[in-house]
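# Examination of the molecular architecture
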Amino acid sequence: DSGVTQTPKHLITATGQRVTLRCSPRSGDLSVYWYQQSLDQGLQFLIHYYNGEERAKGNILERFSAQQFPDLHSELNLSSLELGDSALYFCASSVAAAGNTGELFFGEGSRLTVL
Amino acid sequence: ILNVEQSPQSLHVQEGDSTNFTCSFPSSNFYALHWYRWETAKSPEALFVMTLNGDEKKKGRISATLNTKEGYSYLYIKGSQPEDSATYLCASLGAAAGNKLTFGGGTRVLVKP
């Protein structure tokens, strides 16, 4: 158990809908990262937050947004869903900020299926 | 190199044999290189975080080396066991990628008994 909690574990929804994925980092970790793993793709970086502030952004679609709350949990919002958004979404946490070298601790992922 | 690249994509190893594979990453403005082990139906778990040129790290039968000047890292598995079967991911953190921890595509290792 990495100590990172993601909910829901599985989600099936229809095109055009909106979903929210939630992540609670390990106790004491200030950094939260979101990654997307689509079929036959590697882990694609979406966004990184540190202590409530956005630190780095990947090729995250405009339909996607994220935030980190004062209690350090993070939410990834996906809207106007398309079939291609079906993927495994991982959250990871780290004690370090960007530019530092702390290892990431991954949650179990949220598997999103868009029908 | 602008992306993080791993080779080979997959390899089969006979139990007891040793093996190694490569991660190539942008060498300019480098901060850190991570290695993760990802078993099927589980989450990636950190093996090593390396920052210094020439660094070598070891955990049991698995070790890694780092060359930041030329932008590559090797992961070695000595005396492979079936439980070593997993996908091994490397990730690079550096200014060249906008300070984003960028993962390679992974090397999938299957150890045959």
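## Quick word on the packing of aromatic side chains
- Tallying each qualifying case throughout the model produces 14 aromatic pairs over all chains.
- Look at F64(A) and Y89(A): their rings are 6.4 Å apart centre to centre, the planes differ by 70°, and that puts the pair in the edge-to-face class. A residue pair is termed long-range when its members are at least 10 positions apart, and F64(A) in strand β7 (residues 64-68) and Y89(A) in strand β9 (residues 87-94) qualify at 25 residues. The residues F64(A) and Y89(A) share a single accessibility class, namely buried.
- Look at F21(B) and Y88(B): their rings are 5.5 Å apart centre to centre, the planes differ by 50°, and that puts the pair in the tilted class.

## With respect to the sheet that holds strand β8 (residues 74-78) of chain A
All names here are of chain A.
- What the four strands build is an open sheet, ordered β1-β3-β8-β7; its pairing is antiparallel. Where the open sheet ends on each side, the last strands, each with one partner, are β1 (5-7) and β7. For this sheet the average axis-to-axis angle between neighbouring strands, irrespective of direction, equals 15°.
- Relative to β8, β7 runs antiparallel, the two being bridged by five bridges. The residue bridging F64 from the neighbouring strand is L78, located in β8.

## Regarding the state of the cysteines
- Applying the stated rule across the entire model yields two disulfides over all chains.
- Two residues share a disulfide in this structure: C23(A) and C91(A), whose sulfurs sit 1.8 Å from each other. Linking C23(A) and C91(A), the disulfide has an S-S dihedral of approximately -50° and is accordingly described as left-handed. With C23(A) in strand β3 (residues 19-24) and C91(A) in strand β9, the pair connects residues that are 68 residues apart, well separated along the chain.
- Using a relative accessible area of 0% as the deciding quantity, one classes C23(A) as buried.
- A sulfur-sulfur distance of 2.0 Å marks the disulfide that ties C23(B) to C90(B). Measuring handedness by torsion sign, the sulfur bridge of C23(B) and C90(B) sits at about 80° and is right-handed. Here the residue C23(B) occupies a position in strand β3 (residues 19-24), and C90(B) occupies one in strand β9 (residues 86-94), the gap between them amounting to 67 residues.

## A look at the pattern of salt bridges
- Scanning all chains against the criterion turns up eight salt bridges over all chains.
- Two residues, R61(B) and D84(B), come together in a salt bridge whose shortest N-O distance is 2.7 Å. Note that R61(B) is positioned in the loop between β6 (56-59) and β7 (62-67) and D84(B) in the loop between β8 (72-77) and β9, a separation of 23 residues in sequence.
- When salt bridges that share partners are traced, they join R63(A), E82(A) and D85(A) into one network.

## Quick word on the pairing of strand β11 (residues 107-112) of chain B
Residue and element names in this part refer to chain B.
- Burial along β11 is one-sided: the residues T107, V109 and V111 are buried and none of R108, L110 and K112 is.
- Here five bridges tie strand β2 (residues 10-14) to β11, and the two strands are oriented parallel to one another. Along β11, the bridge assignment pairs H12 with L110.
- As paired elements, β9 and β11 share three bridges and run antiparallel to each other. Residue pairing in the sheet places A86 in a bridge with V109 of β11.

## Comments concerning the interface of chain B and chain A
- Contact residues are listed per partner, giving 17 residues for chain B and 18 residues for chain A.
- Summing the contributions of chain B and of chain A, the shared interface buries around 1,400 Å²; its carbon and sulfur component is 69%.
- When residues of chain B are sorted by the area they lose upon contact with chain A, W38(B), K100(B) and F103(B) head the list and together hold 31% of the total.
- Here the side of chain B that touches chain A takes five residues from strand β4 (residues 30-38) of chain B, the largest share from any one element.
- Considered class by class, the residues forming the side of chain B that touches chain A number eleven nonpolar, five polar and one charged.

## Observations regarding the pairing of β7(B)
Residue and element names in this part refer to chain B.
- Here β7 lies mainly inside the structure; five of its six residues are buried.
- Pairing of β6 with β7, which is carried by four bridges, proceeds in the antiparallel orientation. Within β7, the position partnered with E56 by the bridge is T65.
- Two successive antiparallel strands, β6 and β7, enclose a turn made up of two residues, where G60 displays a positive phi of approximately 65°.
- Across six bridges, β7 lies against β8 in antiparallel orientation. Residue pairing for β8: L66 is matched across the bridge by S73.

Thresholds, definitions, all that
- Residues numbered from 1 in each chain as written.
- Chains lettered and ligands numbered in written order.
- Predicted model: local features only at pLDDT ≥ 70, side-chain atom pairs only at ≥ 80, totals over all residues.
- Heavy atoms only, no water.
- Phe/Tyr/Trp six-rings, centres within 6.5 Å; stacked < 30°, edge-to-face > 60°.
- Helix = DSSP H or I, 4+ residues; strand = E, 2+ residues; numbered from the N terminus.
- Buried < 20%, exposed > 50% of the residue type's maximum accessible area, 1.4 Å probe, protein only.
- Pairing = 2+ DSSP bridges.
- Axes fitted to C-alpha atoms, helices over the stretch in contact; angles between N-to-C directions.
- Disulfide = S-S within 2.5 Å.
- Salt bridge = Lys/Arg side-chain N within 4 Å of Asp/Glu carboxyl O.
- Contact = heavy atoms within 4.5 Å.
- Buried area = accessible area lost by both parts, 1.4 Å probe.
- Nonpolar A, V, L, I, M, F, W, Y, C, P; charged D, E, K, R; others polar.

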